[in-house]
Amino acid sequence: MTDTTDPTPNPHATAEQVQAAYGDPKLANVLYHDWEAGTYDEKWSISYDERCISYATDVFRAVAGEADWPYPTAMELGSGTGFFLLNLMQGGVIKRGSVTDLSPGMVRVALRNAENLGLDVDGRVADAERIPYPDDSFDLVIGHAVLHHIPEVRAAFREVLRVLKPGGRFVFAGEPTRIGDSYARRLGQFTWWLTTNLTRLPALRSWRRPQEELDESSRAAALEAVVDLHTFDPTELERTALGAGAVDVQAVTEEFTAALLGWPIRTFEAAVPPEKLTLRWRWFAYRAWLRLSVVDRKLLAKVLPRELFYNVMITGVKPAAPTEP
Ligand SMILES: C[S@@+](CC[C@H](N)C(=O)[O-])C[C@H]1O[C@@H](n2cnc3c(N)ncnc32)[C@H](O)[C@@H]1O
């Protein structure tokens with residue numbers, strides 16, 4: 001029987017599971033992301049059209065170039081609903097794909113999205129620290145916003161290198177930097193506090209979400225704090241990948257002013273009723289973010305230290321097989 005005082009946002013989890021999840025980041029990841037799977041694309045404005053295809057291909061190009069496109073086979077770790085892999089396939093970066101995730105709900109949604117798009121994709125539930133594929137399986141392994149959830153990041157890199165073919169490449173993007181995460185978090189908390197207090201005023205009442213929805217968001221945020229395990233210093237992340245045996249390793253960072261704008265906007269959008277967010281507003285917010293991303297990439301990346309930017313991405317290569325003497 002479901003306990004109605006259950007603090008979990010996951011309708012299927014028992015109170016005991018939730019309690020256990022606070023001490024077990026992997027269980028927390030499954031509960032949290034299973035719960036999120038059905039609404040994840042909407043929450044994060046993920047689409048499978050030109051907007052996200054060009055975002056995904058631009059990110060990939062920024063860290064790993066385009067000399068090897070298309071990669072014949074690729075596997076994504078922590079694929080979620082398939083945002084990165086499916087859009088890279090549509091953008092001509094990858095021919096055949098495999099989605100994997102610790103959350104069975106996410107794998108289901110990713111496979112359904114792939115089928116709707118007519119893409120050649122298979123999927124498995126998989127833990128990045130123990131990838132259920134044989135050695136030398138893929139030309140490319142990718143991930144987006146997954147490394148910061150994995151307890152043993154070096155073990156995951158070792159596994160990635162094991163399943164890559166010799167000479168194969170990995171690309172991980174969308175990871176929070178140590179400094180970026182601290183200002184993004186503070187801005188998010190301040191925006192949440194401001195919006196939820198201002199919308200108590202009688203004149204702004206119609207902008208207030210029902211209290212139970214606000215409470216649910218706060219509980220989700222508490223579980224989010226359990227699943228977010230790491231932030232990264234770009235140089236240390238490079239060392240971790242090199243220590244696992246990769247070569248040609250390079251970390252690149254992006255988004256400074258775009259993150260300063262993007263986090264308050266995203267938090268504001270989560271704090272008000274969705275029907276208040278018109279299509280016009282959504283396009284305005286997206287275009288403003290896009291313009292600032294260009295300023296960050298073309299101008300600020302040349303003058304500011306890379307540690308200041310919000311996102312870090314990393315690429316590297318599995319050493320080619322030694323040649324016979
Ligand atoms: C923030 S979501 C990102 C999803 C997707 N890559 C995207 O960018 O939209 C992180 C995903 O990583 C998965 N995950 C967390 N820990 C994992 C692990 N140890 N192995 C594999 N996947 C994991 C979660 O279930 C979740 O779907």
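Everything quoted here is computed from the prediction, not taken from an experiment.

What counts and how
- Residues numbered from 1 in each chain as written.
- Predicted model: local features only at pLDDT ≥ 70, side-chain atom pairs only at ≥ 80, totals over all residues.
- Heavy atoms only, no water.
- Near = heavy atom within 4 Å.
- Polar contact = N/O pair within 3.5 Å; in protein donor to acceptor, adjacent residues only side chain to side chain.
- Areas by Shrake-Rupley, 256 points an atom, 1.4 Å probe, with all protein chains shown as cover.
- Nonpolar A, V, L, I, M, F, W, Y, C, P; charged D, E, K, R; others polar.
- Domains from an automatic or database assignment.
- Contact = heavy atoms within 4.5 Å.
- Buried area = accessible area lost by both parts, 1.4 Å probe.
- Salt bridge = Lys/Arg side-chain N within 4 Å of Asp/Glu carboxyl O.
- Phe/Tyr/Trp six-rings, centres within 6.5 Å; stacked < 30°, edge-to-face > 60°.
- Helix = DSSP H or I, 4+ residues; strand = E, 2+ residues; numbered from the N terminus.
- Buried < 20%, exposed > 50% of the residue type's maximum accessible area, 1.4 Å probe, protein only.

**Student:** Pulling in residues and values, what's your account of the site of the ligand?
**Tutor:** Around the ligand sit 21 residues in total, of which G78, D101, D127, A128 and H144 are the nearest. L102 has a polar backbone atom sitting 3.4 Å from a nitrogen atom of the ligand. H144 places a polar side-chain atom, nitrogen or oxygen, 2.7 Å from an oxygen atom of the ligand. The protein chains hide 96% of the 600 Å² of surface that the ligand would expose on its own. For the shell around the ligand, the class distribution of residues is 10 nonpolar, eight polar and three charged.

**Student:** Go over the domain arrangement of the protein, please, and point to the residues and values.
**Tutor:** Partitioning the protein into domains gives domain 1 (38-177 + 231-256 + 312-325) and domain 2 (178-221 + 257-303). For domain 1 versus domain 2, the separation of C-alpha centres amounts to 27 Å. Contacts between domain 1 and domain 2 engage 13 residues on the former and 17 residues on the latter. Here domain 1 meets domain 2 over a buried area of about 1400 Å², counting both sides, of which 51% is carbon and sulfur. On the domain 1 side of the contact with domain 2, R51, E255 and F256 bury the most area, a combined 47% of that side's loss. There are one salt bridge connecting domain 1 and domain 2.

**Student:** So what about the packing of aromatic side chains? Which residues, and what values?
**Tutor:** Enumeration according to the criterion identifies 20 aromatic pairs in this entry. For the ring pair F157 and F170, a centre distance of 5.3 Å and an interplane angle of 55° mean the geometry is tilted. You can see F157 sitting in helix 7 (residues 153-163) and its partner F170 sitting in strand 5 (residues 164-176), a full 13 residues away along the chain. Across the pair, exposure class does not vary: F157 and F170 are buried alike. Aromatic ring contacts, followed pair by pair, group Y55, F83, F84, W283, Y286 and W289 into a single cluster.

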